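Chains, contacts and geometry: an overview
Now for the letters of each chain:
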Amino acid sequence: MSAPPAVPLTETSTESLAPSRLAGAADATLRSVGPIALALFACGLILLAIGRDPLSFYGDIIEAGLLRPSGLQDTITRMAPVLLIAGGLIIVFRANLWNLGSDGQFLLAAAMVAGTGPAIMGALPAPLGWALLCVIAMTIGASWTLIPALLKAHYGMNEIITTLMMTFIGIGAANLLVKGPFKGSSTVPQTAIVPTDLLLPVIPGTRIHIGVIIALVAVGIVYLVLSRTSFGTRLDVLGANPRAAAHLGVNVPRVIVVAFAASGALIGLAAAVDILGIFGYMRADWNPAYGLKVIPLVFLARLNAIAVVPFAAFFGVLSIGGEFATRQADLPSDFLLLVIGLVLIFMVATQYLSDKRARGETILPRHRQRGAPDV
Amino acid sequence: MSELLDPTFLTALVAGGLLAGIPLLFASLGETIAERSGLLNVGLEGMMLTGAFVGFLAALGTGNIWVGLAVGGLAGLLVALVMVIFCVRLGLDQIIVGIAITLSAEGATSLLHGTMFGQSYPRLDAVAGFAIPVLHSIPILGGSLFSQPLPVYLAFGLVLLTSWFLRRTTIGLELRSAGERPGSLDAAGVSVVAVRSGAELTCGALAGIGGAYLSIVGAGTFVPFVTNGMGFIAIVVAMLGRGRPWWALIGSFLFGMSLSLTTALQVVGIDIPVDVVNMLPFVSVIVILIVFARDAKLPAALGLPYLRGSR
């Protein structure tokens, strides 16, 4: 019999072994903040190596992303799509399913919202129009996961591959839509524009649109559904061991399809709030590529939808402040990908060391002693 | 449709297919070896990209494409070392580490390119084709098939070598059992860690060579994100080939052709939107996956870490 897939990084593994709740909480914090600190340190060394001052670089990030009032508002606004995508990813990751196709789901939903938005907002009262566009976006996002979900549910086809393929198709299709049927009257390939007064309302006194509140409510619901309902339990059982789940009477194919659809729907909603909250239109070849970048956040939050909020805030500061800091330092903004990638690497390393410590093993590399059995 | 039988179109299609297919072939051969040993290497894209950048630098510095390809392979191998340490030795999640490798490589290459070249994109000289006597004068396809840069023939040779190696050698057998039943291999006294490490390093080196080929011979320059999902296509090619190198060859060539279809169509004056063409390889993968969904067979232990004593 083949070994069941290892379920990494869920919150169950070590807490029960830790001596107290406090120690457990300290350990969890260390595991989450540690990798970020290490990654920022490593990137600081890289910045030094290419002749930039890391202190002023990080200073710029904090200044532009957190301390300036306008930057702080942008950061909070940026959290809306990130939180929704994170919520969508957590649902499938809980079941040990991989949805690596969020960019395609996001962009296709964004194209549909931006393409149909001007007409719908012109025809319906604003709240109805927003609701309808959100539903459209969620439907598109969910439907784009259907093929991978069905192939996985019925043939066990590797969903990593299929969702990745669908993401590339989705990006192409979104561009075709924006350049073709949805192209507005301007010469630039972009959709018609939803008038500013018909965009999502802002929180009074700020530029922060209510998409952020929608996103916070959504991750709250995801948290409750995953921790308080039988559906959440089914996802967890499926994630731990698909065979055991089938024996327990879980309808595995249905849970897979529902989980993927919910995931895609939240990612579609993320696109809707981004388009309706900030832009009002979509340019061809626009791709914020949140997909892979959000993955580290949900793992740092250990697949807990509420715990993802501070990490989304960190990501917001990093991306908003990073745009300014990289421009100041004359570096490509892709530098942030390196930060995120390193966070992920340090995260698995920290996870490993901390698991070992929790089991009472040495965290130092084991050296083979002379005459000892070859382990 | 008569334009499609035009010799210029066919020549352009085959030549373009080879040009775009060779990087895929190197990478998918590597992935085939890794998958056979039980490793799903999602970091392939990052390894290709690193190979493309570092190999390009080496070729630019020395003016020698062979040095460029070798250094690119070495760079890919070093990136694969991360996966060896984290996934093979420590048994950590292959997909997370793979994503981390891809993200870091995208960031690092873009950063270094920006620091070293800014907005300029230095070019290498085009690599001359090596015409095989007699064969290259076959009408219509001979000119595109048999007068290719030398590394192309090297790639074909590698397919032969890998196929023989996996089927006929003891190490090949051990590699396959590491992917199917690592426990049995361990019980037979062979180190699963060593076998998988070797497979992963080979995979990284091949992906690096593929990336270097892409930037040095294919594009003649490096732009950030030049691989543009090719690493992921290579994973699919390897998967569809179900561990058989010859199928990786056929798959890579077909994907190469669909990647180069725009250019070929433009040669005969047919314009289709570039987005359609960009989607084409992925659409064909999905169609193939749907049609052959029942047949997709992957090694039993693919993606699972092997830790002695754990169930």
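See the structure above.
The notes below deal with the structure included here. Remember, it's a predicted structure, so these values are computed and weren't measured experimentally.

Looking now at the overall build of chain B. Within chain B, the secondary structure is distributed over 13 helices and two strands. Expressed as a percentage of its 311 residues, the buried residues of chain B come to 54%. Of the contacts made within chain B by residues no fewer than 6 positions apart, 77% connect residues no fewer than 24 positions apart. With the model as given, the accessible surface of chain B reaches about 12500 Å², and the carbon-plus-sulfur share is 68%.

What follows is about the overall build of chain A. When helices and strands are counted, chain A shows 15 helices and zero strands. Taken along its principal axes, the extent of the C-alpha atoms in chain A is 80 × 55 × 35 Å. The buried share of chain A, reckoned over its 375 residues, is 54%. Put simply, 78% of the contacts in chain A that link residues at least 6 apart link residues at least 24 apart.

Moving on: the interface of chain B and chain A. Every contact between the two is made by 45 residues of chain B and, on the other side, 48 residues of chain A. In this assembly, chain B packs against chain A so that about 4200 Å² is buried in total across both faces, 84% of it on carbon and sulfur atoms. By the criterion of area lost to chain A, the three top residues of chain B are I96, L103 and L111 of chain B, representing 15% of everything that side buries. Where chain B packs against chain A, one counts one salt bridge. Taken together, chain B and chain A are joined by two residue pairs in polar contact (both at pLDDT 80 or more). Looking at the side of chain B that touches chain A element by element, the count peaks at 15 residues for helix 4 (residues 94-117) of chain B. Taken together, the residues of the side of chain B that touches chain A break down into 33 nonpolar, six polar and six charged.

Turning our attention to unusual backbone geometry. Of note in the backbone geometry, R302 of chain A takes a positive phi value of approximately 55 degrees without being a glycine. Summarising the element assignment, R302 of chain A is placed in the loop between helix 13 (291-300) and helix 14 (308-328). Of note in the backbone geometry, F225 of chain B takes a positive phi value of approximately 60 degrees without being a glycine. Within the fold, F225 of chain B resides in the loop between helix 9 (192-219) and helix 10 (230-240). You can call F225 of chain B partly exposed: its relative accessible area is 32%.

Residue and element names in this part refer to chain A. Within this structure, the stated rule accounts for 12 aromatic pairs over all chains. Judged by centre distance (5.8 Å) and plane angle (70 degrees), the rings of F57 and Y58 are edge-to-face. Of the two residues, F57 and Y58, both sit in the buried class. Ring geometry for F93 and F299: centres 5.2 Å apart, planes at 5 degrees, overall stacked.

Further remarks concern the environment of G269 of chain B. Inspection of the secondary structure puts G269 of chain B in the loop between helix 12 (261-267) and helix 13 (274-291). Separated by 28 residues in sequence, G269 of chain B and G241 of chain B have C-alpha atoms that sit 34 Å apart.

Residues and elements named next belong to chain B. Relative to each other, helix 10 and helix 13 sit at 30 degrees, their axes nearing to 11 Å. The angle between helix 10 and helix 13 places the two elements in the roughly parallel class. Where helix 10 crosses over helix 13, the handedness of that crossing is left-handed. Counted together, I233, V236, M239 and L240 of helix 10 and P281, F282, V285, I288 and L289 of helix 13 form the full contact between these two elements. When grouped by side-chain class, the residues that make up the contact of helix 10 with helix 13 number nine nonpolar, no polar and no charged.

It is worth spelling out a nonpolar patch on the surface at this point. Residue and element names in this part refer to chain A. Where nonpolar side chains cluster on the molecular surface, the patch consists of I62, L66, L67 and L72 and spans about 340 Å² of accessible area. The leading source of residues in the nonpolar patch is helix 3 (residues 54-67), at three residues. Mapped onto the fold, L66 is located in helix 3.

Residue and element names in this part refer to chain A. Considering all chains together, one arrives at six salt bridges over all chains under this definition. Between R94 and D236 there is a salt bridge, with the nearest N and O atoms lying 3.4 Å from each other. Of the two residues, R94 is situated in helix 4 (residues 69-94) and D236 in helix 10 (residues 230-240); the sequence distance between them amounts to 142 residues. Look at R94 and you get buried, because its relative accessible area is 12%. Judged by its relative accessible area of 32%, D236 falls in the partly exposed class.

What follows is about the environment of L49 of chain B. Residue and element names in this part refer to chain B. Counting through the fold element by element, L49 comes out in helix 2 (residues 44-62). Assessed through its relative accessible area of 0%, L49 is described here as buried. With 38 residues separating them along the chain, L49 and C87 place their C-alpha atoms 20 Å apart. In this view, L49 contacts A105, E106, T109, F222, F225, V226 and T227; residues no more than four positions away in its chain are not counted.

Let us now look at the nonpolar core. Judged by nonpolar contacts, the single largest core of 199 residues is most densely connected at M282 and V298 of chain A together with I99 of chain B. When residues no more than four places from it in sequence are discounted, the contact partners of M282 of chain A are L107, A110, A111, A114, A174, V178, Q190, T191 and I275 of chain A. Membership of the second largest hydrophobic core comes to six residues, among which are F9, L13, M257 and V268 of chain B.

Next up on the list: the side chain of T163 of chain A. Residue and element names in this part refer to chain A. Among the structural elements, T163 can be located in helix 8 (residues 159-179). A distance of 2.6 Å separates a polar atom in the side chain of T163 from the backbone oxygen of E159. At 3.2 Å, the side chain of T163 forms a polar contact with the backbone oxygen of I160. Setting aside residues no more than four positions away along its own chain, T163 makes contact with W98, N99, L100, G101, P148 and F260.

So, how was this worked out
- Residues numbered from 1 in each chain as written.
- Chains lettered and ligands numbered in written order.
- Predicted model: local features only at pLDDT ≥ 70, side-chain atom pairs only at ≥ 80, totals over all residues.
- Heavy atoms only, no water.
- Helix = DSSP H or I, 4+ residues; strand = E, 2+ residues; numbered from the N terminus.
- Buried < 20%, exposed > 50% of the residue type's maximum accessible area, 1.4 Å probe, protein only.
- Contact = heavy atoms within 4.5 Å.
- Areas by Shrake-Rupley, 256 points an atom, 1.4 Å probe, with all protein chains shown as cover.
- Buried area = accessible area lost by both parts, 1.4 Å probe.
- Salt bridge = Lys/Arg side-chain N within 4 Å of Asp/Glu carboxyl O.
- Polar contact = N/O pair within 3.5 Å; in protein donor to acceptor, adjacent residues only side chain to side chain.
- Nonpolar A, V, L, I, M, F, W, Y, C, P; charged D, E, K, R; others polar.
- Phe/Tyr/Trp six-rings, centres within 6.5 Å; stacked < 30°, edge-to-face > 60°.
- Axes fitted to C-alpha atoms, helices over the stretch in contact; angles between N-to-C directions.
- Parallel < 35°, antiparallel > 145°, perpendicular 65-115°, else oblique.
- Left-handed = near helix turned anticlockwise from the far one by under 90°.
- Patch = residues over 30% accessible without salt bridge, like charges linked within 9 Å, V, L, I, M, F, W, Y side chains within 5 Å.
- Core = buried A, V, L, I, M, F, W, Y, C linked by side-chain atoms within 4.5 Å.

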